[in-house]
Amino acid sequence: MDLIITHNNADFDGFSSLVAAKKLYPNSKLLLPGSQERAVREFLSLVKDEISVEREKTCNLNDVNRLIIVDTRHKSRIGVAAKLLEKPSIKIHIYDHHPRTPYDIKADKDNFKEVGATVSIIIESLRKKKNVKITSLEATIMLLGIYEETGSLTYRTTTRLDVDTVSFLLSKGANLSAVSSYLNRKLTEEELTFLTSLIASTKVVNINGINIAIAEGTIKRFIGELGTIVRKLQDVENFPVLFVVFKMEKYLRVIARSRLKEVDVNKILKSFGGGGHRSAASAKVEAEGVKTFEQKLKSILRSNIKMRIFARDIMNSPVRVISANKKIIDAKNALERFRLKGMPVMENNKLIGMITASDIRKALKYRYGHASVKGYMSRSVITVKPNTPLHIIQKIMFEKGVGRLPVLKGRKLMGIVTRTDVLKSVHKDIFGKHASLKRKHARLNISAKMKEILPKQILNILHTIGSSANEDRYRVFVVGGFVRDILLGVKNFDIDIVIEGDAISFGRKLAKILKGSLVIYRKFGTSTVIMDWPKGIRKPNRARPRFKIDFATARKESYEKAAALPTVEFSPLKDDLERRDFTINAMAASLNKGSFGQLIDFFGGEKDLEHGVIKVLHDASFIDDPTRIFRAVRFEQRFGFRIDKYTQNLIKNAIQEGMFSKTQHHRIRDELILMLREEEPIKAISRMRELHELRFIHKKIAVRKSTKYLFGKIRNAFEWYDKSSFKRRHIDLWLIYLMALLENLDFSETKAICEKFGFRRSTRIRLLSSTKNGKSALKSLPVKSIRPSKIYNILEPLSFEEILFIRAGTKNKLVLSRIREFFAGYNRVRIKIGGEDLKKLKIKPGPLYTKLLLAVLHKKIDGEVKTKHEELEFVKRLLG
């Protein structure tokens with residue numbers, strides 16, 4: 001017999017999990033140990049004819065061979081069923097959303113997920129089964145469990161699975177009115193009186209910037225369900241974190257609730273022998289006074305609450321400022337340009353006031369646009385220090401009604417904190433990782449990962465860059481794809497360095513240290529150090545002949561018009577990262593000594609990397625640079641990620657707006673080549689077809705099953721050549737893929753593409769030759785009884801890429817054999833005579849030389865001449 005059991009004092013999640021598990025184990029019996037919460041008891045009294053539940057006293061445990069435990073994993077909470085754990089033959093299955101501990105029941109099957117309610121886990125398994133019927137009553141019971149445990153989907157522990165499950169249950173007829181009547185029951189008069197006394201006793205203490213409410217009450221007799229009273233207390237007073245201490249006759253009962261990620265009440269109350277989950281927990285504390293307990297509780301909270309946020313962590317730095325002698329119209333232009341609401345006003349490097357958009361509007365209303373900023377600024381400026389805590393900043397902004405606070409260290413302006421900075425740090429779950437939480441970012445240090453993944457030689461170079469920047473008092477970072485790949489555990493030798501200083505002079509210094517050469521791009525304020533590959537490093541396939549490191553001054557880009565090249569201006573690191581294409585490519589890691597490896601992630605790139613999402617940084621991303629569409633697809637397919645829906649909609653809008661027609665064609669060409677250089681380019685090409693992007697290359701390009709098959713055969717042909725003993729030259733694999741993509745185009749259409757996208761001359765020659773000569777070569781090669789020299793004549797005019805394309809496109813064994821013979825033999829034949837030998841035969845130099853030497857080569861390929869003497873004799877015979 002299967003027996004399903006939950007915890008004593010069962011709530012609706014425990015009871016609803018029993019009902020849901022019965023659907024997974026149809027021949028089982030249900031057991032509710034001990035008593036239940038009042039609302040559950042009331043509900044059971046109405047449905048006991050529909051839902052059959054065993055009593056502990058009458059349940060025969062001897063027949064049980066499998067025990068299914070739901071919404072708990074602790075032996076002490078399952079009543080008499082704990083005896084079954086002693087039977088070696090018993091099979092145990094657990095379904096629970098509470099965090100695991102070392103003291104849990106050991107199960108044969110343990111289904112755990114960090115979700116809002118256990119019943120959501122069970123229903124997820126149910127939905128995978130076919131023909132499982134759920135009645136309206138059962139759906140209502142299950143919905144009660146989710147709504148109670150997640151605060152009607154408002155608690156921070158609520159997950160997408162809980163929300164999806166609610167939708168599913170509503171489709172099955174769950175009754176929301178019934179759910180509301182049981183969850184929102186009125187308190188009894190005695191419970192209400194006790195709640196009032198708890199409110200009066202509540203003290204709020206601030207611990208590391210977080211307000212913690214602690215209430216206490218004495219219980220001499222039963223007054224109702226404590227969990228319900230605590231829930232009402234939290235709802236009425238809206239405490240983010242609440243601890244309620246009930247003084248019983250011989251012990252303390254503590255119930256805790258938390259709506260903040262930073263305060264894990266399960267972890268806190270574990271110190272007192274209790275438990276639960278992150279947002280709800282309880283503990284029974286023996287032989288301890290309330291004051292002693294509260295002192296211990298505060299001490300544990302101080303050591304566990306790590307969120308210490310100060311002005312220095314969320315301030316924007318360096319600050320955009322304006323000189324006191326500037327005009328109002330200048331201030332207006334500056335605010336609009338940098339999208340600000342206000343700016344500090346400076347005079348002789350000293351902060352003397354603040355000018356806001358409101359001040360400027362007043363001045364312009366009376367046509368004082370040419371008046372000085374000093375006349376209209378606010379002179380009474382409230383400031384904070386770098387170590388001012390976040391909750392004090394909140395209090396100042398609320399009480400003083402200010403929207404921005406300059407951060408001063410002595411008299412020096414270090415940064416500025418705005419309302420938005422505070423809002424994003426307080427509600428970072430809504431806004432994502434806040435742009436300026438530098439200390440929080442610093443907690444994730446990837447130096448260990450860098451050490452694990454990178455060769456020692458590369459790591460030494462990065463440390464050298466960091467030490468050199470320290471000497472010059474610059475902040476220096478490695479950025480972009482390098483950081484992304486470190487987090488993914490992938491080697492990447494493309495090193496992009498951003499420095500908050502002069503990248504050209506710094507590059508010059510590093511070129512001397514690393515004994516490399518320097519290339520300077522003054523227009524963009526960048527430089528590149530080029531050097532030999534470090535000794536001991538195996539150069540990756542298709543890597544550049546020499547190792548390079550790019551240095552850029554932190555900069556921001558603006559686009560004068562859509563799809564144009566950007567205008568560059570220098571700015572802090574945040575602005576530099578904000579100009580990049582996607583969140584996963586907009587991360588940086590510090591290289592400075594003392595902070596080496598600290599991750600800087602303003603835009604949630606690490607989270608998107610973890611969830612496998614490609615997401616743009618701003619709405620105009622594809623309008624500014626439509627080639628980012630190619631990159632989005634490339635990264636999506638390379639990493640097996642997905643483009644998020646919002647980004648996908650932006651792509652569609654950019655395509656509908658015809659942004660590719662406004663883009664410089666050579667930039668589209670470069671992105672196409674990069675796509676074809678991917679490990680599996682057909683994935684990206686197929687995705688481009690889905691997004692209707694291939695038509696911007698040519699409307700006749702199609703991706704069919706045969707195309708996908710051909711791409712696979714091209715890869716095989718390349719690997720065959722690459723591993724062969726006769727490999728003699730570099731192969732542009734991407735070009736063979738491009739030949740396959742343009743296979744259905746005629747010569748004039750291929751030529752038009754070459755001209756439109758400005759392919760290099762060598763690429764153009766090979767593409768056009770493939771279109772013109774490839775098919776005729778394929779027809780000639782299978783002809784039986786042709787001499788080796790004839791095969792040579794067919795294949796020799798073609799590039800190796802064209803020959804491998806022919807090989808990929810045929811199954812003819814004779815053709816495959818002749819291509820191999822060409823590579824392995826005919827193409828390697830060399831004659832021993834030359835022009836000097838022909839001169840000795842008194843032959844006048846001219847076109848005849850070429851004809852004679854080619855005729856000798858043909859004879860040698862055919863095996864009819866071997867030695868130099870035989871070659872000369874053959875020439876003499878030809879001359880008659």
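**Some words on the sheet that holds strand β13 (residues 342-347)**
Here comes step 1: Across the sheet, 3 strands lie side by side as β12-β13-β14; this open sheet has mixed pairing. Lying at the two open borders of the sheet, with one neighbouring strand each, are β12 (322-323) and β14 (350-356).
Here comes step 2: Lying over the sheet, helix α12 (residues 328-338) contacts β12, β13 and β14, oriented at roughly 135° with respect to β13.

**As for the environment of Leu599**
Here comes step 1: Mapped onto the fold, Leu599 is located in strand β25 (residues 599-600).
Here comes step 2: Relative accessible area serves as the criterion here: at 2%, Leu599 is assigned to the buried category.
Here comes step 3: With 154 residues separating them along the chain, Leu599 and Asn445 place their C-alpha atoms 5.7 Å apart.

**Focus on the environment of Glu873**
Here comes step 1: By the secondary structure assignment, Glu873 is in helix α38 (residues 868-879).
Here comes step 2: Taking relative accessible area as the criterion, Glu873 reaches 28% and is therefore assigned partly exposed.
Here comes step 3: For the pair Glu873 and Gly525, spaced 348 residues apart in sequence, the C-alpha to C-alpha distance is 67 Å.

**Considerations on the packing of aromatic side chains**
Here comes step 1: For the coordinates displayed, the defined rule picks out 26 aromatic pairs.
Here comes step 2: Relative to Tyr95, the ring of Tyr25 lies with its centre 6.4 Å away and its plane at 75°, an arrangement referred to as edge-to-face. With a gap of 70 residues between them, Tyr25 in the loop between α1 (12-24) and β2 (28-31) and Tyr95 in strand β4 (residues 91-96) connect regions that are remote in the sequence. With respect to burial, Tyr25 and Tyr95 carry one shared label: buried.
Here comes step 3: Ring centres of Tyr721 and Phe800 lie 5.9 Å apart, and the angle between their planes is 80°; this geometry places the pair in the edge-to-face category. Here Tyr721 is found in helix α29 (residues 705-722), whereas its partner Phe800 is found in helix α34 (residues 800-808), with 79 residues between them in sequence. An identical accessibility class is assigned to Tyr721 and Phe800; each is buried.
Here comes step 4: Taken together, the ring pairs connect Trp720, Tyr721, Phe726, Tyr792, Phe800, Phe822 and Phe823 into an aromatic cluster.
Here comes step 5: A cation sits over an aromatic face here: Lys284 above Tyr251, 4.6 Å from the ring centre.
Here comes step 6: The ring of Phe635 has Arg634 lying over it, and the distance from NZ or CZ to the ring centre is 5.2 Å.

**Section: the confidence of the model for the chain**
Here comes step 1: Per-residue pLDDT for the chain has a mean of 86; in total, 95% of the residues score no lower than 70.
Here comes step 2: Per-element confidence in the chain ranges from a low mean pLDDT of 39 for strand β23 (residues 567-570) to a high of 95 for strand β3 (residues 66-70).
Here comes step 3: Segment residues 432-443: pLDDT under 50, and 43 contacts once partners within four positions in sequence are set aside and those in other chains are kept.
Here comes step 4: The model gives residues 556-571 a pLDDT under 50, and that stretch makes 48 contacts with residues more than four places away or in other chains.

**Quick notes on the pattern of salt bridges**
Once their charged atoms are close, side chains differing in charge can pair, the charge on each being opposite to the other.
Here comes step 1: If you walk through the whole model with that rule in mind, you get 46 salt bridges.
Here comes step 2: As a salt-bridge pair, Arg100 and Asp110 come within 3.5 Å of each other at their nearest N and O atoms. Of this pair, Arg100 sits in the loop between β4 and β5 (109-112) while Asp110 sits in strand β5, and the two are 10 residues apart along the sequence.
Here comes step 3: Classification of Asp110 by relative accessible area gives partly exposed; the value is 29%.
Here comes step 4: The closest approach of N and O atoms between Glu286 and Lys284, which form a salt bridge, is 3.9 Å.
Here comes step 5: You can call Glu286 partly exposed: its relative accessible area is 49%.
Here comes step 6: Within the structure, one salt-bridge network assembled from shared partners comprises Asp581, Asp625, Arg631, Arg634, Arg638, Arg667, Glu671 and Glu678.

**Concerning the environment of Ile352**
Here comes step 1: Its location among the elements puts Ile352 in strand β14.
Here comes step 2: A relative accessible area of 18% places Ile352 in the buried class.
Here comes step 3: Sequence separation between Ile352 and Leu176 is 176 residues; the distance between their C-alpha atoms is 60 Å.
Here comes step 4: Here Ile352 is in contact with Ala324, Val345, Glu347, Lys374, Met377, Ser378 and Arg379, once residues within four sequence places are set aside.

**Side note on the side chain of Asp71**
Here comes step 1: Tracing the backbone shows Asp71 in the loop between β3 and β4.
Here comes step 2: The buried charged residue Asp71 lacks any salt bridge, with Arg77 as its nearest oppositely charged partner at 6.7 Å.
Here comes step 3: Only 3.0 Å separates the side chain of Asp71 from the side chain of His7, close enough to count as a polar contact.
Here comes step 4: With near-sequence residues (within four places) excluded, Asp71 lies in contact with Thr6, His7, Asp11, Asp13, Gly14, Tyr95, Asp96, His97, His98 and Thr118.

**Considerations on the nonpolar core**
Here comes step 1: Met450, Ile465 and Phe823 are the most contacted members of the largest nonpolar core, which has 117 residues in total.
Here comes step 2: Those residues in contact with Ile465 that sit more than four places away from it in its chain are Val476, Ile497, Phe506, Leu510, Ile549, Phe551 and Leu591.

**Observations regarding the sheet that holds strand β9 (residues 251-258)**
Here comes step 1: An order of β6-β7-β8-β9-β11-β10 is seen for the 6 strands of this open sheet, with the pairing classed as mixed. The open sheet has two free edges, formed respectively by β6 (203-207) and β10 (275-277), since each of these has just one partner strand. Strand after strand, the sheet turns through a mean of 20° between neighbouring axes, direction not considered.
Here comes step 2: Direction of pairing for strand β8 (residues 241-247) relative to β9: antiparallel, over a ladder of 7 bridges. When the bridges of β9 are listed, Val241 appears paired with Ser258.

**Re unusual backbone geometry**
Here comes step 1: For Leu153, which is not glycine, the phi dihedral falls at a positive 70°.
Here comes step 2: Here Leu153 shows up in the loop between α4 (136-150) and α5 (160-171).
Here comes step 3: Its relative accessible area of 27% is what places Leu153 among the partly exposed residues.
Here comes step 4: With a phi close to 55°, Asn348 is a non-glycine residue in the positive phi region.
Here comes step 5: You can see Asn348 is positioned in the loop between β13 and β14.
Here comes step 6: Look at Asn348 and you get exposed, because its relative accessible area is 76%.

**Topic: the side chain of Asp485**
Here comes step 1: By the secondary structure assignment, Asp485 is in helix α20 (residues 481-488).
Here comes step 2: Since its relative accessible area comes to 6%, Asp485 is described here as buried.
Here comes step 3: Of the polar contacts made by the side chain of Asp485, one reaches the side chain of Arg484; its length is 2.9 Å.
Here comes step 4: Setting aside its immediate chain neighbours within four residues, Asp485 contacts Val490, Asn492 and Phe639.

Calculation notes
- Residues numbered from 1 in each chain as written.
- Predicted model: local features only at pLDDT ≥ 70, side-chain atom pairs only at ≥ 80, totals over all residues.
- Heavy atoms only, no water.
- Pairing = 2+ DSSP bridges.
- Helix = DSSP H or I, 4+ residues; strand = E, 2+ residues; numbered from the N terminus.
- Contact = heavy atoms within 4.5 Å.
- Axes fitted to C-alpha atoms, helices over the stretch in contact; angles between N-to-C directions.
- Buried < 20%, exposed > 50% of the residue type's maximum accessible area, 1.4 Å probe, protein only.
- Phe/Tyr/Trp six-rings, centres within 6.5 Å; stacked < 30°, edge-to-face > 60°.
- Lys NZ or Arg CZ within 6 Å of the ring centre and 35° of its normal.
- pLDDT = per-residue confidence, 0-100.
- Salt bridge = Lys/Arg side-chain N within 4 Å of Asp/Glu carboxyl O.
- Lys, Arg positive; Asp, Glu negative; His and termini not counted.
- Polar contact = N/O pair within 3.5 Å; in protein donor to acceptor, adjacent residues only side chain to side chain.
- Core = buried A, V, L, I, M, F, W, Y, C linked by side-chain atoms within 4.5 Å.

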